[in-house]
Amino acid sequence: MSRQLSVTSLFSKFIALFLIFIGTVQAQQNPEAKPPSKEGMSYISASIVLNEFRSVALPIVISSTPDQTIETKFPLTAQTYALAFTYGTYIAENFRTELRYGTGIVDDTIDELLTVNINYYFNWYIGGTLPVTDYMSAYALAGVSFYDADVTRHEVKRIVTPPGGSSLPGNFSIQPNPETLNDDLFGTKFSMSWMLGLDFELGDSWYIAFEYGRLLKDTDTNIKVYQAGTQLRYEF
């Protein structure tokens, strides 16, 4: 009886060791698939971007006396749209740098007097990416931007009071102050920028991303431009 138990025990141990051996061989032959590292990979993307101008000041003059401001409207906002194109590279698995170029495609008019648009902008960004799930990642980028705005002044008729206070209100032609708002909305050309985003893997190296950030803060006029965009990206 003890010999039968001994043989049974040895046989059971043999079966257990055999199953462990088979499992080890199969694990070595079929290791768990891991996504390839992104280090050294590049990407290109196209975006549709909403640009929101904030804290815009609009000094108004009577056209016949352009050197005398009768009113300054502040703060005003405007919303324009742009197309942006990006080339970037992963300098580490979760660290990347990129260059962007954007150009305005839809302008906006403030108080019927001033049409504004982002003529163009260049960005350089660097930052990190944090995987959230198997198909979604979050990222934060910081960098610098070079930009230019397109400005068009308009003349309209309105009932206003001339400067000085000695005249009665009348129907005058008014326009933005040509000295303050000449050919450019901004007083500077460079600014620090930042961008936050979420991207979702669509499959076969394609991703869609949703972003929000600040394109610029003009230190001369204190105008800020924030961006919200949707990006289609291809990695290779």
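Rules behind the numbers
Residues numbered from 1 in each chain as written. Predicted model: local features only at pLDDT ≥ 70, side-chain atom pairs only at ≥ 80, totals over all residues. Heavy atoms only, no water. Helix = DSSP H or I, 4+ residues; strand = E, 2+ residues; numbered from the N terminus. Contact = heavy atoms within 4.5 Å. Areas by Shrake-Rupley, 256 points an atom, 1.4 Å probe, with all protein chains shown as cover. Salt bridge = Lys/Arg side-chain N within 4 Å of Asp/Glu carboxyl O. Pairing = 2+ DSSP bridges. Core = buried A, V, L, I, M, F, W, Y, C linked by side-chain atoms within 4.5 Å. Buried < 20%, exposed > 50% of the residue type's maximum accessible area, 1.4 Å probe, protein only. Polar contact = N/O pair within 3.5 Å; in protein donor to acceptor, adjacent residues only side chain to side chain. Patch = residues over 30% accessible without salt bridge, like charges linked within 9 Å, V, L, I, M, F, W, Y side chains within 5 Å. Phe/Tyr/Trp six-rings, centres within 6.5 Å; stacked < 30°, edge-to-face > 60°. Lys NZ or Arg CZ within 6 Å of the ring centre and 35° of its normal.

Draft legend 1. Quick look at the overall build of the chain. Of regular secondary structure, the chain possesses one helix and 11 strands. Here the contacts in the chain between residues at least 6 apart in sequence split such that 65% fall between residues at least 24 apart. Here the chain has roughly 13600 Å² of accessible surface; of this, 60% comes from carbon and sulfur atoms.

Draft legend 2. View of the side chain of Arg214. Tracing the chain through its elements places Arg214 in strand β10 (residues 206–217). Ignoring any residue separated from it by four or fewer positions in sequence, one finds Arg214 in contact with Tyr125, Met192, Ser193, Trp194, Val225 and Tyr226.

Draft legend 3. Molecular detail of the pattern of salt bridges. Going through the model one piece at a time under the given rule, you end up with 12 salt bridges. Measuring nitrogen to oxygen at the nearest pair gives 2.6 Å for the salt bridge that ties Asp148 to Lys189. Of the two residues, Asp148 sits in strand β6 (residues 136–153) while Lys189 sits in the loop between β8 (170–176) and β9 (190–203), which places them 41 residues apart along the sequence. Within this structure, Lys38, Asp199, Arg233 and Glu235 form a network of salt bridges that share partners.

Draft legend 4. Quick look at the pairing of β10. In this sheet, β10 lies alongside β9 in antiparallel orientation, the contact comprising nine bridges. Bridge pairing in β10 links Leu198 to Phe210. Taking the residues between adjacent antiparallel strands as the criterion, β9 and β10 are bridged by two residues, where Asp204 takes a positive phi near 55°. Between β10 and strand β11 (residues 224–235), which pair antiparallel in sequence order, lie six residues; one of them, Asn222, sits at a positive phi of approximately 70°.

Draft legend 5. Spatial organisation of the nonpolar core. Residues Phe53, Leu58, Tyr121, Leu185 and Phe186 are the most contacted members of the largest nonpolar core, which totals 29 residues. Mapped onto this core, the elements with two or more residues apiece are β1 (42–62), β2 (65–92), β5 (114–131), β6, β7 (156–160) and β10. Sorting elements by how many residues they give to this core places β1 first, with six residues. Among residues more than four places away in sequence, those in contact with Leu58 are Glu71, Thr72, Lys73, Leu76, Ile110, Asp111, Leu113, Leu114, Pro176 and Leu181. Core analysis: the second largest hydrophobic core is formed by five residues, Tyr125, Tyr139, Leu141 and Ala209 among them.

Draft legend 6. Spatial organisation of the environment of Val151. Its place among the elements puts Val151 in strand β6. When the C-alpha positions of Val151 and Asn182 are compared, they lie 7.7 Å apart, and in sequence the two are 31 residues distant. Leaving out residues up to four positions away in the same chain, Val151 has contacts with Leu114, Thr115, Asn182, Asp183, Asp184 and Leu185.

Draft legend 7. Structural view of the environment of Gly128. Along the chain, Gly128 falls in strand β5. Apart from residues lying up to four places away in sequence, Gly128 is in contact with Asn94, Phe95, Ala138, Tyr139 and Ala140.

Draft legend 8. Representation of the pairing of β9 within the structure. As judged from the 11 bridges shared by β6 and β9, these two strands associate in the antiparallel manner. Bridge pairing in β9 places Val144 opposite Met192.

Draft legend 9. Structural view of the side chain of Arg233. Within the element layout of this structure, Arg233 appears in strand β11. Polar contacts involving the side chain of Arg233 include one to the side chain of Gln231, which spans 3.4 Å. Among all residues touching Arg233, those that are not within four sequence positions of it are Tyr43, Ile44, Ser45, Tyr90, Arg96, Asp199, Ser205, Trp206, Tyr207 and Ala209.

Draft legend 10. Layout of unusual backbone geometry. That bond from Phe74 to Pro75 is cis: its omega, -5°, falls within 30 degrees of zero. Inspection of the secondary structure puts Pro75 in strand β2. Of note in this structure, Asn222 is not a glycine but carries a positive phi near 70°. With respect to the helices and strands, the residue Asn222 is situated in the loop between β10 and β11.

Draft legend 11. A nonpolar patch on the surface, seen in detail. Where nonpolar side chains cluster on the molecular surface, the patch consists of Ile48, Tyr81, Leu83, Phe85, Tyr101, Ile105, Val106 and Phe122 and spans about 690 Å² of accessible area. For the nonpolar patch, the secondary-structure elements that each account for two or more residues are β2 and β3 (95–106). Residue Ile48 is classed as partly exposed on the basis of its relative accessible area of 39%.

Draft legend 12. Region of the structure containing the packing of aromatic side chains. Following the criterion strictly, the structure yields 13 aromatic pairs and no others. Measuring from centroid to centroid gives 6.1 Å for Phe200 and Phe210, while their planes differ by 65°, and the two rings are edge-to-face. Taken together, the residues Phe200 in strand β9 and Phe210 in strand β10 connect sequence positions 10 residues apart. Put simply, the rings of Tyr101, Tyr120, Phe122, Phe146 and Phe190 pair up and form one aromatic cluster. Stacked on the ring of Tyr139, the Lys or Arg Arg96 has its end atom at 4.2 Å from the ring centre.

Purely geometric numbers; function is a separate question.
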